[in-house]
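Chains, contacts and geometry: an overview
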Amino acid sequence: QKMCNSAPECHENMKSRKNLSLEMINFVSTAITMKGTLSENTVRYCVFIIFLYVFHTECYNNLVSSYFLQESEPQLSQAEKQKQSIQEVRRSLPIFPYREDLLAAIREHQILVIEGETGSGKTTQIPQYLLEDGYTEGGMKIGCTQPRRVAAMSVAARVAQEMSVKLGNEVGYSIRFEDCTSERTILKYMTDGMLLREFLTEPDLASYSVIIIDEAHERTLHTDILFGLIKDIARFRPDLKVLVASATLDTERFSCFFDDAPVFRIPGRRFPVDIYYTKAPEADYLEACVVSVLQIHVTQPAGDVLVFLTGQEEIEACCELLQERCRRLGSKISELLVLPIYANLPSDMQAKIFNPTPPGARKVVVATNIAETSLTIDGIIYVIDPGFCKQKSYNARTGMESLIVTPCSRASANQRAGRAGRVAAGKCFRLYTAWAFKHEMEETTVPEIQRTNLGNVVLLLKSLGINDLIHFDFMDPPPHETLVLALEQLYALGALNHLGELTKLKWNFCYLLITDYPLSDVVTCSEEILTIAAMLSVNNSIFYRPKDKVVHADNARMNFVVPGGDHIVLLNVYTQWVESGYSTQWCFENFIQFRSMKRARDVRDQLEGLMDRIEVELCSCNGESVPIRKAVTAGYFYNTARLSKGGYKTVKHQQTVYVHPNSSLFEEQPRWMIYHELVFTTKEFMRQVWSRPSLCSSF
Ligand code: CDP
Ligand code: MG
């Protein structure tokens, strides 16, 4: 079948085929009238001709239908339609009727607090309104911060789609180790940590006309520091507009902090949400979630379900359980689409949660608290809330940072419930008792600044010339001892002198941006340290351990073990992968996650670029372990622990800690250990450990 390039050509083609077909019909009918006088071969020939005819008619029909299809639905109108519907959706958002008032308020005030329900359009619309109102004239940028990487990426993608531009051109995002922006970018979504870093290169943020600190209610460490810095620069940059956007929480406090800045409220459209509690506490909330989802699926009218869990492992387990039970129930139930969402999920999988649910099916999104306010998924009617979240906590006395599953706050629980009432009246199933809600949950979440290690932040503020940290304008100041401990550690590392001033700038820059290891110790093995830093950035997802192949996976993992500790093992994995030509097959055979390795490679490339920018030459020790262990030890000497009665005791605080079972030194148990981080999961574990190299001078 010949392809036609134009309608007239297509017509011609059809006409000639039609003539040909008519000729065939004539031929066959003549043949049939001559029946009886024909030889066997002639009959065969006739059958062949009939076959040809049928085949030809088929082609002819195809040709006609493709021609008409082309005629009635040209491709262009499809795109046009999509564009139209996107514009309709934009106009239907709760923020739209307030567009003019909002722009007027922004014109009038330098700092404005904006409060609106999740999903009202703050994050996706306000930057576009500002752009339409001329705030990017003269090449100025509009910056919008997000506490979460996933939100920054997904929102930027959505806005690029709404504006019909390619992501990374006019609309882009920047998250650590991934810069999807260009010279042309005027709307820039970024994590709050990335904007903080921009202060290092542009202390007055001169290229921005507007900064939106979004999701302010999350009160992440970086957002809190941004509050202080931006309030300060707003004083000497009267042309800079500052918008503090938040869900309906705490807005009076923001206003108060920003010298009584006015609050612009976007009235939400919220439908009532019925809340159900359990009568008794749930022993196993994961199982309870699975059962609740299936119950909803079987007994409740149409509507999607959102389940809040605390992290990747739990989410994966829940999804597996759900899929398995659905398989067992087979055709007894209608289709249930189970979709996970968490920070490390690849972005194509993340995008799936926004796809509309096919008719007759039900979607279940199993999420971390990323879906609490940062992401809005349309169509959710049912929320299942076990009442937990994973939270960082920091003990300044022992220097131990732990990630613990704790009950979430009442404010969080209410935000979660609110997700059920965005499109229609909804239901929220709380897997805890009404008593627990009242008496066991905190009113609000403690800001991160009060429960984290401040080392990097102190260094960053000092690099910006802010020496007096005690009097820095914190919205909620960190505990005094946390600040003191951070200063002490930086002094011990040689980053600060005895007056608390910065020592070597390049060193600090390197420390802040690139690795956690002192430059002087890295010089002989910077190539290797970059690899290790890159691998550590994806560390918890390198080894793949499927449930049905645990033994094989563990054997494969053991094959990578080399003496010297977990960092050297990570380096070994990366080096072998490079030798395999970055092979996917190699990863598959060795139970290594290709995706994580690819990410490590990206991170490494970026780190290399940064090193180049600050003119630090790279140097390799050819994989020899002593210089590497020396550099790592110099960076982490304060994380030393000594073997003591089955466990270890940290040198500084005599805290009992244990080697993580995943560690290459789990069996060996050397007398001295240094750890990368301490985490509290089921016990106080040291993660990424290495033993003290005997030649280490800085120890
Ligand atoms: O920031 P806020 O919570 O006020 O709302 P938003 O994130 O701007 O979302 C506004 C609308 O855009 C919602 O209806 C979302 O469903 C939609 N949206 C989307 O479809 N895909 C995204 N990646 C982000 C938002
Ligand atoms: Mg938002």
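All figures in this text were calculated on a predicted structure; none of them were measured in a lab.

Notes on the overall build of the chain
When you go through the chain residue by residue, the secondary structure sums to 25 helices and 21 strands. Per-residue burial for the chain yields a buried fraction of 39% across its 699 residues. A sequence separation of at least 24 residues applies to 74% of the contacts in the chain between residues at least 6 apart.

Examining the packing of helix α20 (residues 526-537) against helix α22 (residues 566-579)
At a minimum axis separation of 9 Å, α20 and α22 run at an interaxial angle of 95 degrees. One element, α20, and the other, α22, form an angle in the roughly perpendicular class. Residues Glu528, Thr531, Ile532, Met535 and Leu536 of α20 touch α22, and the partners they reach there are His567, Leu570, Leu571 and Tyr574.

Brief notes about the site of ligand 1
Every one of the 16 residues lining ligand 1 counts as a neighbour, but Lys122, Thr123, Thr124, Arg158 and Thr376 are closest to it. Among the secondary structure elements, those contributing two or more residues to the shell around ligand 1 are α5 (122-132) and α6 (149-162). Of all the elements, α5 adds the most residues to the shell around ligand 1, at four residues. Among the residues making up the shell around ligand 1, the classes are represented as three nonpolar, ten polar and three charged.

Some details on helix α25 (residues 625-636)
Over its twelve residues, α25 extends 16 Å from the first C-alpha to the last, a length consistent with the 16 Å expected when each residue adds 1.5 Å. Of all twelve residues making up α25, nine are buried, and the element is well covered by its neighbours.

Section: the sheet that holds strand β12 (residues 362-367)
Spatial ordering of the open sheet is given by β9-β16-β13-β10-β12-β11, a layout of six strands whose pairing is parallel. Every interior strand has two partners, whereas the edge strands, β9 (273-277) and β11 (336-341), have only one. Along the sheet, successive strands turn relative to each other by an average axial angle of 20 degrees, direction set aside. Pairing geometry for β9 and strand β16 (residues 426-430), over five bridges, is parallel. The partner of Asp274 across the bridge, within β16, is Lys427. Each of β9, β10 (304-308), β13 (380-385) and β16 touches helix α14 (residues 410-418); the most contacted strand, β13, lies at about 150 degrees to it.

Describing unusual backbone geometry
Despite not being glycine, Leu205 has its phi angle at roughly 50 degrees, a positive value. With respect to the element layout, Leu205 can be found in the loop between α7 (192-201) and β6 (208-213). Of note, Phe591 is a non-glycine position whose phi angle comes to about 55 degrees, a positive value. Secondary-structure assignment places Phe591 in the loop between α23 (584-589) and α24 (594-613). According to the C-beta neighbour criterion, Phe591 is buried, with 21 such atoms within 10 Å.

Let's talk about the UniProt feature "domain: Helicase ATP-binding" (unreviewed entry) in the chain
UniProt's feature table lists "domain: Helicase ATP-binding" (unreviewed entry) at residues 103-267, given in the numbering used throughout. Along residues 103-267 the backbone is 39% helical and 25% strand, and the end-to-end C-alpha distance reaches 16 Å.

Topic: the sheet that holds strand β5 (residues 187-191)
The eight strands are arranged β4-β3-β5-β2-β6-β7-β1-β8 in an open sheet whose pairing can be described as mixed. Only two strands of the sheet have a single partner each, and these edge strands are β4 (178-180) and β8 (263-266). Geometrically, the sheet is characterised by an average inter-axis angle of 20 degrees between neighbouring strands, direction not taken into account. With five bridges joining them, strand β1 (residues 111-116) and strand β7 (residues 241-246) adopt parallel strand pairing. Counterpart to Val113 in the pairing with β7 is Val244. Lying on the sheet, α7 is in contact with β2 (141-146), β3 (171-175) and β5; it crosses β5 at an angle near 105 degrees.

Some points on the nonpolar core
Of all hydrophobic cores here, the largest spans 113 residues; its most connected members are Ala156, Leu243, Val244 and Val307. By residue number, the principal contributor to this core is α6, which donates nine residues. The residues contacting Val244, other than those within four sequence positions of it, are Val113, Ile114, Ile213, Ala216, Phe254 and Phe258. Of all hydrophobic cores here, the second largest spans 28 residues; its members include Ala534, Ile542, Ile568 and Tyr574.

Let's talk about the pairing of β13
The buried count for β13 comes to six of six residues, which makes it a mostly enclosed element. The pairing of β10 with β13 spans four bridges and is classified as parallel. The residue of β13 that forms the bridge with Val307 is Ile384.

Details of the environment of Ile384
Here Ile384 is to be found in strand β13. Taking the C-alpha atoms as reference, Ile384 lies 29 Å from Tyr544; in sequence the two are 160 residues apart. Ignoring anything within four residues of it in the chain, the contact list for Ile384 reads Cys289, Ser292, Val293, Val305, Val307, Phe429 and Leu431.

Parameters at a glance
Residues numbered from 1 in each chain as written. Chains lettered and ligands numbered in written order. Predicted model: local features only at pLDDT ≥ 70, side-chain atom pairs only at ≥ 80, totals over all residues. Helix = DSSP H or I, 4+ residues; strand = E, 2+ residues; numbered from the N terminus. Buried ≥ 20, exposed ≤ 12 C-beta atoms within 10 Å, placed from the backbone. Contact = placed C-beta atoms within 7 Å. Axes fitted to C-alpha atoms, helices over the stretch in contact; angles between N-to-C directions. Parallel < 35°, antiparallel > 145°, perpendicular 65-115°, else oblique. Near = placed C-beta within 6 Å. Nonpolar A, V, L, I, M, F, W, Y, C, P; charged D, E, K, R; others polar. Expected span 1.5 Å × (residues − 1). Pairing = 2+ DSSP bridges. UniProt positions renumbered as here; feature names shortened; annotations may be inferred. Core = buried A, V, L, I, M, F, W, Y, C linked by C-beta atoms within 7 Å.

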